[in-house]
Each structure stands twice: as structure tokens, then as C-alpha cells.
Amino acid sequence: MFDKRHAWFIDFVCFGVLGTGRQVPARALLPLLTAAWAGCSSPRGPARVEDSLTSGRITVACTREARPVVDRELAAFVKLYPQAEVRVVERTSRDAVRALFAAQCDASVMARDLRPEERGAAARGGLEIEGYRFAKDAIVVVVHPSNPVENLALDDLRRIYEGRIKEWTKLGGSAAGIEPVIPPAESDVTEFLVERVMGGEPIRAPVLYESSDSGVVAAVARRTHALGFVSMTAGPEVKRLRLSGLAGLPYWTPDLEAVHRGDYPLTRYLNFYLRPSGPRLASGLITFVTSIDGQRIVRETGLVPTSVPVRFVRRSAMRSGHAEERRP
């Protein structure tokens, strides 16, 4: 509904200001107003936007784990370039790859690399795919804050999820059963753990499934004997264990420096994938994400930048923690 100013403007532009000598019934004016509106309004349908590095419309298929950092990157990108319209659809990694191959999206974001069979399918179909690593993450093993266990070797973790280690006493903890908690089986973090820790073998221990990283954190925070694994961006409600790639080797805290250097044994990359022949805006988005401003957002979300130099400064022995990262 128009207010008086809007109604006057339409009247004036299209057919002059009505006189006040006589009143005209509203129903008599309806056909005239309809015709005037059709003549003065712009054509229907979305305005055409040029496809460039900073304008256009694209769709990004993104896994749930990568969504927080991607949402922040997109908000900053669109604020900088208002002619850019980016729609995000949440998908599993498998579905994000399928959507990219089928041209149902213009870019995909996942917390893993393309698998050999996926690269093979692209090659057989003559489809060129480019990948960009824009952040480094870690899978951290978390327990209840009251749990006395501090260190864990990857072999211990494997035997827990195989169901061979069932008691915390085997790991220097209390006389209580271990309650494993995991995210969905199709999530990137679970697939990563199965591949890197379980050697591709399935998890056989009785587990409690949660729908997300935050669900795992909440479950471990309220269960004294629980153990879970999540992204390194997990909140402070839980205790992170130090990990060793093999019993007898050094144990590493999943801090920024250990992850950046690759010392921490469960590190992974977040990746953007696109078709070079697709919209130019997708390339423009990746250019921003891998720039200094985009990598600063990566750091602010608790991840490690990958495309800009990162320096770490050792803290004084009087201060807690291992290292303080100097932001790009």
C-alpha cells in the first residue's frame, strides 16, 4: 500500500494531479491506476548483474564444519562488493562434490581433500577442478575437565574406538568405563578420524552419536567419563588432550603453532574447489579468502591461515601457554 506521497508521485508523473472540483469514486480510478502503474514500473524479474570478479551470482555448497568460517568470509566479501550475491547450501562433502561436478553449484567447501576416486571421476568426465587450501584445522580429542588423563597416543585412540580399551584405568585415569562420543558418520571430522586413526576400518566400540561438533562438546562437558573428537575451534567447556603419533614420541598440544608446523598429528586442511570455466565471481571470492583480510578472518575463527606468512612469538616462561600467534 502506498502512502500519500507515493500516490501523489504516481499521479503526477503519469497523468497529472487530480483537480479538486469534483470527487471521483475510487472504483472509477482503479483501471487508470492499474494502467499507470504498468506504464511507470520497471520490467519484472531480477536485474541483470555482470559476472565479474566482484559481481554476479553464485552458489556455494559447504559442509557444516566449514560453515562458520565461510559465513564470516562471505559477510565481509559481500559488504566489500555489494554487487556480489552468494547463496550457501549446506551439504555433506560427498554431496558438495557431486553438486560441483553436476554444475549444481559454482564452488564447494569441505574440510578434506578430494579423494582419489573423485579426482578420477573428474578426469574421466573431462572436468577441470581447481582446489585452494585456505585454512588449517586440527582434530582434537576432548574429555571432561575433571578427567586426570593428559596424554594419548594415536594407537590408544584407535583401540578405544575399536572397543579394545574400555576403561580409563588403562590410560592412567579413574576406574570407570570410557564413553566414546562421535559426530555423524558422514561428517568430515569422523571420516578423517576413520582414515587417519582407524586405518579405514570402521568404529566398532559402542558410541553415542551427536549431530554436530557442538553436540559432541556439550555431551562430553556433561558426562564425566566421556571422550570425543571435534574441530580445534571447540569451546572451553571441555579439556583437550595432548596427542602423540606413536607411544614414546613427544605429545603435542593442539595449539596454533603445533598445527601450523604440522607437529600435531591430526591436522587437516579446509579447501575451496571450483570449476575454472564457471562464474568469475567464484574466483573473486577465493582471491578474497586467500588475501590478508580473508586470512585474518580465518585466524579470528580459531583456525590457522595457510596463504599468508604466519609468525609465532614464544611467551615468557612466566606466562601460560605455548605460543602466541602474530596475526597476519
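Criteria and cut-off values
- Residues numbered from 1 in each chain as written.
- Predicted model: local features only at pLDDT ≥ 70, side-chain atom pairs only at ≥ 80, totals over all residues.
- Heavy atoms only, no water.
- Axes fitted to C-alpha atoms, helices over the stretch in contact; angles between N-to-C directions.
- Helix = DSSP H or I, 4+ residues; strand = E, 2+ residues; numbered from the N terminus.
- Parallel < 35°, antiparallel > 145°, perpendicular 65-115°, else oblique.
- Left-handed = near helix turned anticlockwise from the far one by under 90°.
- Contact = heavy atoms within 4.5 Å.
- Nonpolar A, V, L, I, M, F, W, Y, C, P; charged D, E, K, R; others polar.
- Buried < 20%, exposed > 50% of the residue type's maximum accessible area, 1.4 Å probe, protein only.
- Pairing = 2+ DSSP bridges.
- Salt bridge = Lys/Arg side-chain N within 4 Å of Asp/Glu carboxyl O.
- pLDDT = per-residue confidence, 0-100.
- Core = buried A, V, L, I, M, F, W, Y, C linked by side-chain atoms within 4.5 Å.

### Comments concerning the packing of helix α3 (residues 67–80) against helix α10 (residues 280–289)
Point 1. Where α3 meets α10, the axes come as close as 10 Å, and the angle between the chain directions of the two elements is 110°. Comparing the axis directions of α3 and α10 gives the class roughly perpendicular. Once α3 is placed against α10, the crossing between them reads as right-handed. The residues of α10 that touch α3, namely those facing Glu 73, Leu 74, Ala 76, Phe 77 and Leu 80, are Leu 281, Gly 284, Leu 285, Phe 288 and Val 289.
Point 2. In terms of residue class, the contact of α3 with α10 is made up of 8 nonpolar, 1 polar and 1 charged.

### With respect to the pairing of strand β11 (residues 267–274)
Point 1. For β11, the buried fraction is high: 7 of the 8 residues fall into the buried class.
Point 2. As paired elements, strand β3 (residues 107–110) and β11 share 4 bridges and run antiparallel to each other. Counterpart to Ser 108 in the pairing with β11 is Tyr 273.
Point 3. Pairing geometry for strand β4 (residues 130–143) and β11, over 8 bridges, is antiparallel. Within β11, the position partnered with Gly 131 by the bridge is Tyr 273.

### Description of the pattern of salt bridges
Point 1. A complete count under the given rule lists 26 salt bridges for this structure.
Point 2. Across the pair Asp 137 and Arg 268 runs a salt bridge whose closest N-O atoms are separated by 2.9 Å. Of this pair, Asp 137 sits in strand β4 while Arg 268 sits in strand β11, and the two are 131 residues apart along the sequence. Exposure class is identical for Asp 137 and Arg 268. Each is buried.
Point 3. Glu 162 is paired through a salt bridge with Arg 158; the nearest N and O atoms lie 2.9 Å apart. With Glu 162 and Arg 158 both in helix α6 (residues 154–162) and 4 residues apart, the pair spans about one turn of that helix.
Point 4. When its relative accessible area of 21% is taken as the criterion, Arg 158 is described as partly exposed.

### A word on unusual backbone geometry
Point 1. The backbone of Ala 103 shows a phi angle near 60°, a positive value even though the residue is not glycine.
Point 2. Along the chain, Ala 103 falls in the loop between α4 (93–101) and β3.

### With respect to the environment of Pro 236
Point 1. Relative to the elements of secondary structure, Pro 236 occurs in the loop between β8 (226–231) and β9 (239–240).
Point 2. What makes Pro 236 exposed here is its relative accessible area of 79%.
Point 3. For the pair formed by Pro 236 and Val 217, sequence separation is 19 residues and the distance between their alpha carbons is 9.1 Å.

### Section: the confidence of the model for the chain
The predicted coordinates ought not to be read in detail in places where the model reports low pLDDT.
Point 1. For the chain, per-residue confidence averages 84 on the pLDDT scale, and residues scoring 70 or more make up 80% of the total.
Point 2. Confidence over residues 1–43 falls short of pLDDT 50; this stretch has 17 contacts with residues more than four positions distant or in other chains.

### Some words on the nonpolar core
Point 1. Ranked by internal contacts, the top residues of the largest apolar core, which has 71 residues, are Phe 134, Leu 152, Leu 157, Leu 227, Leu 266 and Phe 272.
Point 2. A per-element tally of this core places β4 first, with 8 residues.
Point 3. Judged by nonpolar contacts, the second largest core, of 10 residues, contains Val 97, Leu 100, Met 110 and Leu 114.

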